[in-house]
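The residues making up each chain are set out below.
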2 protein chains.
Amino acid sequence: MNEHPLRKQIEEIVKLNDTEFDFVLEHFQKKSFKKHQIVLHEGDYAHFEFFVVKGLMRVSRLDFDGKEHILQFGMENWWITDAEAFHHKTKSTLIVDCLEDTETLSLTLENKEKLSSELPKMRDFFLKKTTNGYIALQKRILCFLSSNANDRYHNLITLYPGLIQRVPKAMIASYLGVTRETLSRLSKTEA
Amino acid sequence: MNEHPLRKQIEEIVKLNDTEFDFVLEHFQKKSFKKHQIVLHEGDYAHFEFFVVKGLMRVSRLDFDGKEHILQFGMENWWITDAEAFHHKTKSTLIVDCLEDTETLSLTLENKEKLSSELPKMRDFFLKKTTNGYIALQKRILCFLSSNANDRYHNLITLYPGLIQRVPKAMIASYLGVTRETLSRLSKTEA
DNA sequence: CCAAATCTTTGACAAATGTCCTGTTGGGCC
DNA sequence: GGCCCAACAGGACATTTGTCAAAGATTTGG
């Protein structure tokens, strides 16, 4: 079955008929980006939330010292944006860019709200996704509270095994909150 | 004006008339707990989400080594529960207890969903609150990624100045992901 | 008001992680 | 093919944080 990935994700939560899904899709714009392309610059307004159809994106912040900290990766079927800038209509403090050539479906806040009102089950969907995202972030925080670099690394591997193959270890380190040197040394510390 | 704290919070997002707010309130149960009382044990089902009217609660996890890690505090007007156990109807991996005598308004998942359906603006409210919670957790993660213990501590002080007066520093340390000894040594490291 | 319990601070040392540096590898590009 | 650059590993040392132990300080309850 050649179902659309967005439809598949929505239907894990609420059922849609063909007409409804077409209606949903009308609220999105297809946008494609190239590897290394910056999709949202720091200081810009975050006009879109991106559903990644194909490719790999990243949300990060640049330190005062120029160090970059990766808040989130976004592979296929993930939603990516600077959540605060997007929802509060403020200027972004984060950077969104592409680690691979990427195809997205892009949603403006206006269309997200419109869609939620016009098709109430989509608000159910967004609430459920946001709740699950909240729970995932809580788990990541618990990981910071209770685990050292090694455990956090292995937790990440089991959580997203595909990710490790696609991004340089220096970025994994940045996501884990350690230096690449520390990450590099982990492998041999263990048996 | 002697407005109900829950109503005040809801009306920051969606407007309610008196009848509607009474209707909202019918979905909650008043529950009071004493200091040190455990409201949700590890392994139990999380039947409620708590809106803290008065007092101070805490969500934490017990380590394999017996160390406790504090995921969240909940003062007045905060919502508290084991989010995963509550929303997924699974057994709790976290502990919810009270650091002070506490009065809450408690909401079951069934009533939350009922309320969301019967009064659609309440789903708007819950979505908005959850989104803001998500953004707050992202900020906390960025803090772990880019700040040392000292900066995290001072960030917490500016974020929740009232909290420091009400909870022992050992718990602040646990929330920040450091030992109390480390936290204790921070004050003098700086000017 | 006292005694017990809890909380905080401090010291000495160990472990984890960061910083700076060098060298090697391997793939992309002209 | 050869050059370049990004990625990775590793050494040497500094800094931060954890661990264990003990002593003060504060709060709590009778």
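Residues numbered from 1 in each chain as written. Chains lettered and ligands numbered in written order. Predicted model: local features only at pLDDT ≥ 70, side-chain atom pairs only at ≥ 80, totals over all residues. Heavy atoms only, no water.

Colleague: Before we go on, may I ask you to explain the nonpolar core in this structure?
Modeller: Core analysis: the biggest nonpolar cluster contains 50 residues, and M57 of chain A together with M57 of chain B have the highest contact counts within it. A domain split of this core shows at least three residues from each of domain 1 (1–125) and domain 2 (133–191) of chain B. Membership of the second largest hydrophobic core comes to 34 residues, among which are L107 of chain A together with L105, M122 and F126 of chain B. (Core = buried A, V, L, I, M, F, W, Y, C linked by side-chain atoms within 4.5 Å. Buried < 20%, exposed > 50% of the residue type's maximum accessible area, 1.4 Å probe, protein only. Domains from an automatic or database assignment.)

Colleague: Help me understand the protein's contact with DNA strand D, please; the structure alone is not making it clear to me.
Modeller: Close to DNA strand D lie 16 residues; K169 of chain A together with T179, E181, T182 and R185 of chain B are nearest. K169 of chain A is positioned such that a nitrogen or oxygen atom in its backbone is 2.8 Å from a phosphate oxygen of DNA strand D. Within the contact set of DNA strand D, a base oxygen lies 2.9 Å away from a side-chain nitrogen or oxygen of R185 of chain B. Those elements that provide at least two residues to the surface near DNA strand D are α8 (169–176) and α9 (180–189) of chain A together with α9 (180–189) of chain B. Top contributing element to the surface near DNA strand D by residue count: α9 of chain A, with 4 residues. For the surface near DNA strand D, the class distribution of residues is 4 nonpolar, 5 polar and 7 charged. (Near = heavy atom within 4 Å. Polar contact = N/O pair within 3.5 Å; in protein donor to acceptor, adjacent residues only side chain to side chain. Helix = DSSP H or I, 4+ residues; strand = E, 2+ residues; numbered from the N terminus. Nonpolar A, V, L, I, M, F, W, Y, C, P; charged D, E, K, R; others polar.)

Colleague: Sorry, what's going on with the environment of H41 of chain B here?
Modeller: Among the secondary structure elements, H41 of chain B is positioned in the loop between β2 (38–40) and β3 (49–54). For the pair H41 of chain B and M75 of chain B, spaced 34 residues apart in sequence, the C-alpha separation works out to 20 Å.

Colleague: What should I look at first to understand helix α6 (residues 149–159) of chain B in this one?
Modeller: Note that an α-helix has 3.6 residues per turn; residues three or four places apart therefore point the same way. Those residues of α6 of chain B lying buried are A149, N150, R152, Y153 and L156 of chain B. When α6 of chain B is viewed along its axis, its buried side chains cluster within an angular range of 165 degrees and face the same direction. (Arc of directions from axis to C-beta.)

Colleague: Explanation requested: the sheet that holds strand β1 (residues 29–33) of chain A in the structure shown.
Modeller: All names here are of chain A. Taken in spatial order, the 4 strands line up as β1-β8-β3-β6 in an open sheet, and their pairing is antiparallel. The sheet is open, and its two borders are formed by β1 and β6 (79–80), each paired with just one other strand. Judged from the 2 bridges that link them, strand β3 (residues 49–54) and β6 form a sheet pairing that is antiparallel. Note on β6: the bridge partner recorded for F50 is I80. (Pairing = 2+ DSSP bridges.)

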